[in-house]
Amino acid sequence: MAFNLANLSSNKPSEGERVKVLVIGSGPAGLAAALYAARADLHPLVLTGMELGGQVSLTHTVENYPGFPEGVGGQELVELFQKQAQRFGARIEYDTVTAIDFSQRPYKVSTYNGAYLAETIIITTGATPIHLNVPGESELTGRGVSYCATCDGWFFKDKQVVVVGGGDSALEESLFLTRYATSVTIVHRRDQLRAGAILQKRARENSKINFIWNTVVTEILGDDKVNAVRLKNVQTGEVSELPTDGVFIFIGHHPNTQLFEGYLEMDERGYLVTNKLMETNYPGVFAAGEVADPVYRQVITSAGMGAAAAMRAIHFLEEHSQETEPSLTQP
Ligand code: NAP
C-alpha cells in the first residue's frame, strides 16, 4: 500500500510558529505519541524525517502487532497509525529537523522548511541498522534481506538462511531463526565471536546453526529474491558462493541521536537516556521508541513508549500552563 502523501503537508511554517507538542520522527512511537497528544486537543505537529514510518515501513508484514491476526503490511500499519492520529487533529509535516536550541523553552526547532517554537518535544527518531553496503543489499531488502528476525523469521519456514555478524544480536536472532529455518549459517569476519558466553554456548550447541569463520559477504545475489551470497575468506582470499533463501544482517544499530549530542544525556552507545516517565535531562523534552530503547525494539513497545511520552507531555503542559500561556486575569 502506498503512503498517503496527499495527507502530509509540506507547507513552509511561519517562522517560529508555536506548537504545544512537537514530535520528531514518524515511526510507531512518534505516531502513537501524536495520537495521544491529539486526543488531548493539543494539535501536535509531527515532523516525519526523511521517510514516514521509520523501520517498520521497510517490513514486509508485521505479524506480532496485536489486533491483526492475519498480519498487516508494515507500510499499511504506518498509514493506519497516520490516519488515526490525523483523525484527532495531529498535523504531519514532511520535514526534517536540522537543529534545536535547547537554551530556553519554548525550544526553537529549526527544520529544512523553517522553524517552530515547541513547548514540549517528543523525540522518536529511532535507530538505523548498520548496513553491509554490498551490491544487492538495498535492491533485495524485503526480498530476502532483512534486519529483523522477529519481524521476518516466519517467512523462512523450512528454508535456509545466512546471518551476518558475531555479536549478541546475531546469535540471539540466529537462535530465534532456528524455530523456522532448516539451517542458519552464521558468517563472521573473525574466528571469535563477540557475543556473550551463554549465547555462544547455546548457538554452538544448536544443531541447526553452523559457522563460517574469517569470512565476509561481498555480494547478495538474486533477481526478484535472494538466492545466494558471495563470500570471501579474509585470510586466504578465497571466493565462494553459498546458496541461501535469506540474509539477516546484525552488525549493529546506530541510534539517530546526532542532533542531540552535547545536550541530551546518552549512554555509551549513543541511545538517549530517560527516566521511567520518558523524561530526558531537559524539561519538557521526552524520548520514546528505539532512540531510547536498545533492548526491545518492537513496534508494540515503541508505540507504548510513544503513548507514555505523550501522556507525560500532557501532564507537563498542565503543570507549566502558567509559564507558557498569557494570564487572562491581569491584576
Ligand atoms: P555488536 O556487539 O556491535 O556486534 C556487531 C557484530 O557485527 C560484531 O561481531 C562485528 O564483528 C560484526 N560486524 C560489524 N561490522 C561488520 C561488517 N561491516 N561486516 C561484518 N561484520 C561486522 O552489535 P549487536 O550484536 O547488535 O549488539 C549491540 C549491543 O546490544 C551490544 O552491547 C550487545 O551486548 C547488546 N545486546 C545484548 C543482547 C543480550 O544480552 N541478549 C542481545 C542483543 C544485543 P567484530 O566482532 O569483528 O567486531
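Procedures and definitions
- Residues numbered from 1 in each chain as written.
- Predicted model: local features only at pLDDT ≥ 70, side-chain atom pairs only at ≥ 80, totals over all residues.
- Heavy atoms only, no water.
- Helix = DSSP H or I, 4+ residues; strand = E, 2+ residues; numbered from the N terminus.
- Rg over C-alpha atoms; globule rule 2.2 N^0.38 Å.
- Buried < 20%, exposed > 50% of the residue type's maximum accessible area, 1.4 Å probe, protein only.
- Contact = heavy atoms within 4.5 Å.
- Areas by Shrake-Rupley, 256 points an atom, 1.4 Å probe, with all protein chains shown as cover.
- Lys, Arg positive; Asp, Glu negative; His and termini not counted.
- Charge placed at Lys NZ, Arg CZ, Asp CG, Glu CD.
- Polar contact = N/O pair within 3.5 Å; in protein donor to acceptor, adjacent residues only side chain to side chain.
- Near = heavy atom within 4 Å.
- Nonpolar A, V, L, I, M, F, W, Y, C, P; charged D, E, K, R; others polar.
- Domains from an automatic or database assignment.
- Buried area = accessible area lost by both parts, 1.4 Å probe.
- Salt bridge = Lys/Arg side-chain N within 4 Å of Asp/Glu carboxyl O.

Draft legend 1. Layout of the overall build of the chain. A count of helical and extended segments in the chain gives seven helices and 19 strands. Its C-alpha atoms give the chain a radius of gyration of 22 Å, near enough to 20 Å, the size a compact globule of 331 residues would have. Taking the principal axes of the C-alpha coordinates as reference, the chain spans close to 80 × 40 × 30 Å. Residues classed as buried in the chain amount to 50% of the 331 residues present. In the chain, the proportion of contacts linking residues at least 24 apart, taken out of those at least 6 apart, comes to 62%. When the accessible area of the chain is evaluated, it comes to approximately 16,300 Å², of which 49% is carbon and sulfur surface. One finds the centroid of the 27 positive side-chain charges in the chain at a distance of 4 Å from the centroid of its 38 negative side-chain charges.

Draft legend 2. View of the side chain of Glu119. Tracing the backbone shows Glu119 in strand β8 (residues 115–123). A distance of 3.1 Å separates the side chain of Glu119 from the side chain of Arg18, its partner in a polar contact.

Draft legend 3. Structural detail: the site of the ligand. Asp168, Ser169, Glu172, Arg190 and Arg194 are the nearest of the 15 residues found near the ligand. In this structure, Gly166 approaches the ligand through a main-chain N or O atom, which is 3.0 Å from an oxygen atom. Within the side chain of Ser169, one N or O atom sits 2.6 Å away from an oxygen atom of the ligand. Burial of the ligand by the surrounding chains reaches 68%, relative to a free accessible area of 910 Å². A breakdown of the residues in the shell around the ligand according to their chemical character gives three nonpolar, six polar and six charged.

Draft legend 4. Main features of unusual backbone geometry. Backbone torsion omega between Arg105 and Pro106 reads 0 degrees, so that peptide bond is classified as cis. Its location among the elements puts Pro106 in the loop between β6 (97–101) and β7 (107–111). Despite not being glycine, His43 shows a phi value in the positive range, around 45 degrees. As for its position among the elements, His43 is in the loop between α1 (28–39) and β2 (45–47). A relative accessible area of 52% places His43 in the exposed class.

Draft legend 5. Local environment of the domain arrangement of the chain. According to the domain assignment, the chain consists of domain 1 (2–128 + 253–319) and domain 2 (131–249). Of note, the centres of domain 1 and domain 2, computed from C-alpha atoms alone, are 32 Å apart. With both sides pooled, the region where domain 1 packs onto domain 2 buries about 660 Å², and carbon together with sulfur makes up 49% of that total. At the junction of domain 1 and domain 2, the tally comes to zero salt bridges. In this structure, the connection of domain 1 to domain 2 is made through zero residue pairs in polar contact (both at pLDDT 80 or more). Taken together, the residues of the side of domain 1 that touches domain 2 break down into no nonpolar, five polar and two charged.

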